[in-house]
Amino acid sequence: MFDGPMLTALAMLFIAEGLLPLLAPGAWRRMFAQLMQLRDGQLRFFGLCSVALGVMLWLLL
């Protein structure tokens, strides 16, 4: 299902996602609270931008 590079990428994702709550839990909590205030369309736009950036980086590598 997952080969070596995919597992490496997944591991890096978990590390990146865990750094902010580990190092600055208060800032993470405030950021999460602000995200909860966004409308669905705004969240979808940020999700689209994130996916597009990820695909572009993946294609470059």
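The rules we used
- Residues numbered from 1 in each chain as written.
- Predicted model: local features only at pLDDT ≥ 70, side-chain atom pairs only at ≥ 80, totals over all residues.
- Heavy atoms only, no water.
- Patch = residues over 30% accessible without salt bridge, like charges linked within 9 Å, V, L, I, M, F, W, Y side chains within 5 Å.
- Areas by Shrake-Rupley, 256 points an atom, 1.4 Å probe, with all protein chains shown as cover.
- Salt bridge = Lys/Arg side-chain N within 4 Å of Asp/Glu carboxyl O.
- Helix = DSSP H or I, 4+ residues; strand = E, 2+ residues; numbered from the N terminus.
- Axes fitted to C-alpha atoms, helices over the stretch in contact; angles between N-to-C directions.
- Parallel < 35°, antiparallel > 145°, perpendicular 65-115°, else oblique.
- Contact = heavy atoms within 4.5 Å.
- Nonpolar A, V, L, I, M, F, W, Y, C, P; charged D, E, K, R; others polar.
- Phe/Tyr/Trp six-rings, centres within 6.5 Å; stacked < 30°, edge-to-face > 60°.
- Buried < 20%, exposed > 50% of the residue type's maximum accessible area, 1.4 Å probe, protein only.

(A) Representation of a nonpolar patch on the surface within the structure. Residues Leu-20, Trp-28, Met-31, Phe-32, Leu-35, Met-36 and Leu-43 make up a contiguous nonpolar surface patch of roughly 630 Å² in combined accessible area. Per element, the largest residue contribution to the nonpolar patch is five residues, and it comes from helix H2 (residues 25-37). Summarising the element assignment, Met-31 is placed in helix H2.

(B) Highlighting the packing of helix H1 (residues 4-23) against H2. Taken N-terminus to C-terminus, the directions of H1 and H2 make an angle of 115 degrees; their axes are 5 Å apart at the nearest point. Considered as vectors, H1 and H2 are oriented roughly perpendicular to each other. Within the contact between the two elements, H1 uses Leu-20, Pro-21, Leu-22 and Leu-23 and H2 uses Pro-25, Trp-28 and Met-31. Tallied by class, residues from the contact of H1 with H2 come to seven nonpolar, no polar and no charged.

(C) Seen up close, the packing of aromatic side chains. Scanning the entire structure with this criterion turns up two aromatic pairs. Summarising the aromatic geometry, the rings of Trp-28 and Phe-32 are spaced 5.5 Å apart at their centres and angled 15 degrees between planes, so their arrangement reads as stacked. Taken together, the residues Trp-28 and Phe-32, both in helix H2 and four residues apart, mark about one turn of the helix. Residue Trp-28 is classed as partly exposed on the basis of its relative accessible area of 34%. Here the aromatic rings of Phe-45 and Phe-46 are separated by 5.9 Å at their centres, their planes lie at 65 degrees, and the arrangement is edge-to-face. Exposure remark for Phe-45: the relative accessible area of 49% places this residue in the partly exposed category.

(D) A look at the environment of Met-56. Within the secondary structure, Met-56 is located in helix H3 (residues 40-60). Sequence separation of Met-56 and Leu-43 is 13 residues, and the distance between their C-alpha atoms is 20 Å.

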